[in-house]
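Listed below are the residues making up each chain.
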Amino acid sequence: MAVFDFMKHEKQSFEACVDAFSESLDENTSFEVQYFESKLDTKTVRLAAGCQVVCIFVNDTANAEVLTHLAAQGVKLLTLRCAGFDMVDLKAASALGIAVTRVPAYSPYAVAEFAVTLALSLNRKIVPASARVRQGNFSLAGLVGFDLYGKTVGVIGTGKIGQCFIKIMLGFGCKVLCYDAYPSKDVASWENCSYVTLDELLNQSKLISLHAPLLPETKHMINAESLAKMQKGAVLINTSRGGLVDTQALIQALKSGHISGAGLDVYENEKSLFFEDHSLTIMEDDSYVRLMSFPNVIVTGHQAFLTEEALDKIGSTTMENVRQFMVEGRVGKKLENVVL
């Protein structure tokens, strides 16, 4: 198995799961793992030569060209250490006979709690307040926030993570408006929670949090038009996928003051930035630099998932996916976490 985009923070938990998997195998069965810090793309695909399984993360590339090379090298399973699968050309994988599995729910609590953290930090100006105090400045000027209690919160995407976020917001005493292409009957039955049209959600919500997958129909769903429909002073949180938000449109909405703040753990051009140290290099991404110039914007490096529990779940589920395919011989829908 070749593991791409392998990072220090996952080493302990993932390798422990690999060791447990290896120990459970028949003594006549060998299993070897190669770890690569580099991302999977057309330049690095050759590193998977001789492997039957390739394991990737959110910013790897598994387009038709890469998948064709993998298939030619004998790869039968592409297993993702994440829930999203927008980086994979599923049609190409199907045509090439490569099964695709994922980790559908590693810790919805981790991401939901982080989304709340961003919202609270923005609203109560935690970042500038902390910076002031470190410099001996105890002025409260410009640090006024608002009570979450009694406010209307919009949640776009009501899957596992969205539902966790909703429950937390209900605990704060908020009214929650939801939008999802596939509404949940359970969520619809919750008190102070209702499904509405996207326009109604945008127009009525003081705080909007995105928990939708990145699909062709959801790309840039937050754009100039949708931002204009938000109430003046709304706060936007995105811990899902960067491509949901048109960055240039968001910048304009922030410049005009129409949006009072944005908390972003994901960014549509993050692939060339996140999970790497660029502190000693010139930042060439002008959109990112502009975002960081706003005092009412918090950007974090795709870390919402990063808890001990989530890392353990990612490792164990990934290796269970490998077991089902390579050891038990499951295929198609018999694979518990199959994407394709």
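Look above for the structure.
In short, a report on the structure. Everything quoted here is computed from the prediction, not taken from an experiment.

## Structural notes on the pairing of strand E9 (residues 207-210)
Here E9 shows two buried faces, one formed by Leu207 and Ser209 and the other by Ile208 and Leu210. Inspection of the sheet shows strand E6 (residues 152-156) paired to E9 by four bridges, in the parallel sense. Counted as the bridge partner of valine 155 is serine 209 from E9. The pairing of E9 with strand E10 (residues 234-238) spans four bridges and is classified as parallel. Bridging across to E10, serine 209 finds its partner in isoleucine 237.

## Concerning the sheet that holds strand E4 (residues 77-80)
One open sheet accounts for five strands, arranged E2-E1-E3-E4-E5; its pairing is parallel. Lying at the two open borders of the sheet, with one neighbouring strand each, are strand E2 (34-35) and strand E5 (99-101). Summarising the sheet, strand E1 (residues 2-3) and E2 pair through two bridges and their orientation is parallel. Residue pairing in the sheet places valine 3 in a bridge with tyrosine 35 of E2. Packed onto the sheet, helix H12 (residues 308-327) meets strand E3 (53-56), E4 and E5 and runs at close to 160° relative to E4.

## Some points on the packing of aromatic side chains
Scanning the entire structure with this criterion turns up nine aromatic pairs. Pairing phenylalanine 21 with phenylalanine 31 gives two aromatic rings, centres 4.8 Å apart and planes at 70°, and the pair type is edge-to-face. Of this pair, phenylalanine 21 sits in helix H1 (residues 8-24) while phenylalanine 31 is found in the loop between H1 and E2, placing the two residues 10 residues apart along the sequence. Residue classification places phenylalanine 31 among the partly exposed positions, given a relative accessible area of 23%. Taken together through their ring pairs, the aromatic side chains of Phe57, Tyr106, Phe275 and Phe305 make up a single cluster. Cation over ring: arginine 81 sits above phenylalanine 14, and NZ or CZ is 5.9 Å from the ring centre. In this structure, lysine 206 is placed above the aromatic ring of phenylalanine 146, and the distance from its NZ or CZ to the ring centre is 4.8 Å.

## Quick look at helix H10 (residues 247-256)
Those residues of H10 that sit buried are Thr247, Ala249, Leu250, Ile251, Ala253 and Leu254. Contacts from the buried residues of H10 go to helix H9 (224-229), E10, strand E11 (259-264), helix H11 (286-292) and strand E12 (297-299). Once H10 finishes, glycine 257 follows within two positions and takes phi at roughly 85°, a positive value.

## Digging into the environment of glutamine 303
Turning to its location among the elements, glutamine 303 is positioned in the loop between E12 and H12. Separated by 86 residues in sequence, glutamine 303 and glutamate 217 have C-alpha atoms that sit 25 Å apart. Not counting residues within four places of it along the chain, the set of residues in contact with glutamine 303 comprises Phe114 and Asp265.

## Points about the sheet that holds strand E7 (residues 175-179)
Spatially, the seven strands line up as an open sheet ordered E8-E7-E6-E9-E10-E11-E12, and their pairing is parallel. Two strands bound the open sheet, and with one partner strand each, they are strand E8 (193-195) and E12. Pairwise comparison of adjacent strand axes, ignoring direction, gives a mean angle of 15° for this sheet. Of the pairings in the sheet, the one linking E11 to E12 comprises three bridges and is parallel in character. Within the sheet, the bridge partner assigned to alanine 262 lies in E12 and is valine 297. Together, E6, E7, E8 and E9 form the strand contacts of helix H6 (residues 160-171), whose direction differs from that of E6 by roughly 175°.

## Section: the environment of phenylalanine 305
Turning to its location among the elements, phenylalanine 305 is positioned in the loop between E12 and H12. Exposure remark for phenylalanine 305: the relative accessible area of 6% places this residue in the buried category. Among residues more than four places away in sequence, those in contact with phenylalanine 305 are His9, Phe57, Tyr106, Ala110, Val111, Ala310, Leu311 and Ile314.

## Observations regarding the packing of H1 against H12
At a minimum axis separation of 8 Å, H1 and H12 run at an interaxial angle of 35°. Handedness of the H1/H12 crossing: right-handed. In this structure, H1 contributes His9, Glu10, Ser13, Phe14, Cys17, Val18, Phe21 and Ser24 to the contact, and H12 contributes Leu311, Asp312, Gly315, Ser316, Thr318, Met319, Val322, Arg323 and Val327. Residue composition of the contact of H1 with H12, grouped by class: eight nonpolar, six polar and three charged.

## A look at the nonpolar core
In this structure, Val54, Ile56, Leu70 and Leu78 are the most contacted members of the largest nonpolar core, which totals 59 residues. By residue number, the principal contributor to this core is helix H4 (residues 108-123), which donates eight residues. Apart from the residues lying within four places of it in its own chain, the contact partners of leucine 78 are Val54, Ile56, Ala62, Leu67, Val88, Ile98, Ala99, Val100 and Thr101. Leu236, Val245, Ala253 and Leu291 belong to the second-largest nonpolar core, a separate cluster that totals 32 residues.

About the cut-offs
Each chain carries its own residue numbering, running from 1 in the written order of its sequence. The predicted nature of this model means local features are confined to residues of pLDDT at least 70 and side-chain atom pairs, given and counted, to a pLDDT of 80 or more, with totals for whole chains, interfaces and linings taken over all residues. The basis for the side-chain values is all heavy atoms of the structure; hydrogens and waters are excluded. Each residue's exposure class comes from its accessible area (1.4 Å probe, protein chains only) as a fraction of the maximum for that residue type: buried when under 20%, exposed when over 50%, partly exposed otherwise. Put simply, DSSP marks the helices as runs of H or I at least four residues long and the strands as runs of E at least two long, and each gets a number from the N terminus on. Pairing between strands requires that DSSP locate at least two bridges from one strand to the other. Here, residues are in contact when the closest pair of their heavy atoms is within 4.5 Å. Angles run from 0 to 180 degrees between N-to-C directions of axes, and those axes are lines fitted to C-alpha atoms, restricted for helices to the stretch in contact. Ring pairs are drawn from Phe, Tyr and Trp, using the six-membered ring of Trp, whenever the two centres fall within 6.5 Å, and their geometry is named by plane angle: stacked under 30 degrees, edge-to-face over 60, tilted for the rest. Geometrically, a charge over a ring is one whose NZ (Lys) or CZ (Arg) sits within 6 Å of the ring centre while staying within 35 degrees of the ring normal. Crossing chirality is assigned from the near helix's rotation relative to the far helix, an anticlockwise turn below a right angle marking it left-handed and a clockwise turn marking it right-handed. We call Asp, Glu, Lys and Arg charged. Ala, Val, Leu, Ile, Met, Phe, Trp, Tyr, Cys and Pro are nonpolar, and the rest, Gly among them, are polar. Residues belong to a common nonpolar core when they are buried Ala, Val, Leu, Ile, Met, Phe, Trp, Tyr or Cys residues joined through side-chain atoms within 4.5 Å.

The analysis is restricted to geometry; functional conclusions fall outside its scope.
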